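Observations on the three-dimensional arrangement
Take a look at the letters that make up each chain.
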Amino acid sequence: MLRNPAQIGIVGAGFVADLYMRSLALYDGVRVVGVHDIDTDRLGQFCRYWKLQPFQSLDTLLETGRCDLILNLTNPGSHCEVTRRCLSSGVHVYSEKPLAMQLSDAINLHELAQEKNLLLGSAPCNFLSESAQIAWRTLRDFKIGRPRLVYAELDDGFVTQAPFNSWVSESAAPWPYQDEFEVGCTLEHAGYYLTWLVAMFGPVKRVAAASACLIEDKIGPNVETAPDFSVGILYFGNDVVARLTCSILATHDHRFRVIGDRGVMEVKDCWDNESPVVVNKRMAIRRRLIELPIGRRQKIAGPTHPKVSRRGAASMNFALGPVEMIDALREGRNPRVSADMALHINEVTLAIQDAVGGRAIDVKTTCPPIEPMPWASQP
Ligand SMILES: NC(=O)c1ccc[n+]([C@@H]2O[C@H](COP(=O)([O-])OP(=O)(O)OC[C@H]3O[C@@H](n4cnc5c(N)ncnc54)[C@H](O)[C@@H]3O)[C@@H](O)[C@H]2O)c1
């Protein structure tokens, strides 16, 4: 039986845990009852700031029997082990992404959750946001006709040159740049649009992808980092094709554009729950084909979900996923944030991340170097 308010345990009290705390505070139906982190200094700092009970080990937190749901907010390399221990002790889990770093581990977690009849969900949950749901509704209402092609961009600017040493969370956790660079922007970010795509167009059927590590010495010599650029071409069952780009080099661009038979739908940024959804209709005027320069903002009547104010790069309600799981448990229904979806997103993301060099052919033809035009070579 789920308690009211539902009782949440947090494992991993780092940078993102503060964002979860601000989001959870928007809901009366949930309460954080305990926190564990292997870093005891950080555990103390976090618990003092938020006035929460610290637990020195995961076992002592689990043994209290107080947690209805565990939020696994540890670093990606710890996700699998922490989730496995929580599921094994009979507690539902919502994990930060990715579910696991290896597909075989993600499959094992999926099986364990099924075996134990427990819910297992994974971030990102921004497909439950106002922007994503309005965008999806716009497609269902055929406002751009039949959707054909999607361009989804997750370019974050030239992050290695950003002053990331000074980025700290509300309760003073430093931004874990080393871990971010080792895990890579694809595993970290692709899900923010993959989840939208899967919600809107169904599961991905086929992936063609390429990734590359363009800046090798991000953390220093001899420290290997993950690809910092990737592009995946995703084929969906209903003939929709999407291009998903992730990088921490190209100029910041988080647009989501769906090209349909009658126009284009655009959302500026999936990291903003209230990012406007705009439709630009297409039409022929005399001999020209244009998409109307002034678009129509899409809205839905009535309230949507609680919002958090912007902090750093994002204004996202991180509690949408956990609260959806708790609501589903209360209502005895399947959650929108499911183990099947978490595993699927994990598989597709790894397929893109691991496509280093792409599925490439060695080109046989060549051509001589090209001289610039003389007028462009003047000093
Ligand atoms: N940093 C962000 O802006 C951000 C945003 C969204 C999602 N995320 C995701 O959140 C997760 C955590 O990221 P973060 O930025 O908070 O990292 P972080 O390094 O700041 O915090 C992670 C915390 O987990 C703890 N930890 C690691 N292994 C553990 C274990 N086995 N048991 C208990 N505690 C353990 C660490 O000591 C650390 O305090 C990652 O999956 C990341 O992808 C991060």
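In the block above lies the structure referred to throughout.
Right, let's walk through the structure included here. (Residues numbered from 1 in each chain as written. Predicted model: local features only at pLDDT ≥ 70, side-chain atom pairs only at ≥ 80, totals over all residues. Heavy atoms only, no water.)

Some points on the packing of helix H9 (residues 191–201) against helix H11 (residues 339–353)
How two helices pack is summed up by the angle between their axes together with the distance between the axes. The interhelical angle for the contact between H9 and H11, taken along N-to-C directions, is 120 degrees, at an axis separation of 10 Å. The angle between H9 and H11 places the two elements in the oblique class. Relative to H11, the crossing made by H9 is right-handed. Between H9 and H11, the contacting residues are Gly191, Leu194, Thr195 and Val198 on the first element and Met341, His344, Ile345, Val348 and Thr349 on the second. Class assignment for the residues of the contact of H9 with H11 results in five nonpolar, four polar and no charged. (Axes fitted to C-alpha atoms, helices over the stretch in contact; angles between N-to-C directions. Helix = DSSP H or I, 4+ residues; strand = E, 2+ residues; numbered from the N terminus. Parallel < 35°, antiparallel > 145°, perpendicular 65-115°, else oblique. Left-handed = near helix turned anticlockwise from the far one by under 90°. Contact = heavy atoms within 4.5 Å. Nonpolar A, V, L, I, M, F, W, Y, C, P; charged D, E, K, R; others polar.)

Comments concerning the site of the ligand
In the region of the ligand, 25 residues are neighbours, and Val16, Asp37, Asn75, Ser78 and Glu188 sit closest. Note that an oxygen atom of the ligand is positioned 2.6 Å from one of the side-chain N or O atoms of Asp37. Contact distances for the ligand include 3.3 Å between a nitrogen atom and a backbone N or O atom of Ile38. Secondary-structure elements contributing two or more residues to the shell around the ligand are helix H1 (15–24) and helix H4 (76–88). The dominant element in the shell around the ligand, judged by the number of residues it contributes, is H4, at four residues. Partitioning the shell around the ligand into residue classes produces eleven nonpolar, seven polar and seven charged. (Near = heavy atom within 4 Å. Polar contact = N/O pair within 3.5 Å; in protein donor to acceptor, adjacent residues only side chain to side chain.)

Re unusual backbone geometry
Here Asn4 and Pro5 are connected by a cis peptide whose omega angle stands at 0 degrees. Inspection of the secondary structure assignment puts Pro5 in the segment before strand E1 (6–11). Along the chain, Lys97 connects to Pro98 via a cis peptide bond; the corresponding omega equals -10 degrees.

Section: the side chain of Glu170
Relative to the assigned elements, Glu170 resides in the loop between strand E7 (147–155) and helix H7 (177–183). At 2.5 Å, the side chain of Glu170 and the side chain of Arg22 are in polar contact. A distance of 2.6 Å separates a polar atom in the side chain of Glu170 from a polar atom in the side chain of Tyr49. What Glu170 contacts, discounting residues up to four positions off in sequence, is Asp18, Arg22, Tyr49, Trp50 and Arg311.

Observations concerning the sheet that holds strand E4 (residues 69–72)
Spatially, six strands are ordered E3-E2-E1-E4-E5-E6 in an open sheet, and the strand pairing comes out parallel. On the outer flanks of this sheet lie strand E3 (54–55) and strand E6 (120–122), each paired with one strand and no other. Here strand E2 (residues 30–36) pairs with E3 via two bridges, running parallel. Considered in E3, the bridge of His36 is made with Phe55. (Pairing = 2+ DSSP bridges.)

Considerations on the nonpolar core
Core analysis: the largest hydrophobic core is formed by 81 residues, its most contacted members being Leu234 and Phe256. Broken down by element, the residue count for this core peaks at nine residues, all from H9. Domain assignment of the residues forming this core places at least three in each of domain 1 (6–122) and domain 2 (137–264 + 339–353). Contact partners of Leu234, with chain neighbours within four places excluded, come to Leu194, Leu197, Val204, Arg206, Val207, Val240, Val241, Ala242, Leu244, Val348 and Ile352. Counting residues in hydrophobic clusters, the runner-up holds 25 residues, among them Phe55, Leu87, Ala106 and Leu120. (Core = buried A, V, L, I, M, F, W, Y, C linked by side-chain atoms within 4.5 Å. Buried < 20%, exposed > 50% of the residue type's maximum accessible area, 1.4 Å probe, protein only. Domains from an automatic or database assignment.)

Points about the pattern of salt bridges
Pairs may arise between side chains of opposite charge once their charged atoms sit close together. Enumeration over the complete set of coordinates arrives at 20 salt bridges. The salt bridge partner of Arg85 is Asp59, with a shortest N-O separation of 3.2 Å. Of the two residues, Arg85 sits in helix H4 while Asp59 sits in helix H3 (residues 58–63), which places them 26 residues apart along the sequence. Here Arg85 falls in the partly exposed class, since its relative accessible area comes to 30%. Its relative accessible area of 39% is what places Asp59 among the partly exposed residues. Residue Glu266 pairs with Lys268 through a salt bridge whose shortest N-O separation is 3.5 Å. By sharing partners, the salt bridges in this structure join Glu324, Glu331, Arg333 and Arg336 into a single network. (Salt bridge = Lys/Arg side-chain N within 4 Å of Asp/Glu carboxyl O.)

Details of the side chain of His79
Along the chain, the position of His79 falls in helix H4. Of the polar contacts made by the side chain of His79, one reaches the backbone oxygen of Thr74; its length is 2.7 Å.

Notes on the packing of helix H6 (residues 130–140) against H9
Relative to each other, H6 and H9 sit at 30 degrees, their axes nearing to 10 Å. The crossing of H6 and H9 is right-handed. Here Ser131, Ala132, Ala135, Trp136 and Leu139 of H6 lie close against H9, whose contacting residues are Trp196, Ala199, Met200 and Phe201. Each residue belonging to the contact of H6 with H9 can be placed in one class, and the counts come to eight nonpolar, one polar and no charged.

Observations regarding helix H10 (residues 320–331)
If you check H10, its first and last C-alpha atoms are 16 Å apart, about what twelve residues at 1.5 Å a residue would give, namely 16 Å. Listing the buried residues of H10 in full gives Leu320, Gly321, Pro322, Val323, Glu324, Met325, Ile326 and Ala328. Summarising the contacts, the buried residues of H10 are in contact with E1, H1, E2, E4, strand E5 (92–95) and E6. The positive-phi residue at the C-terminal boundary of H10 is Gly332, with phi of around 65 degrees. (Expected span 1.5 Å × (residues − 1).)

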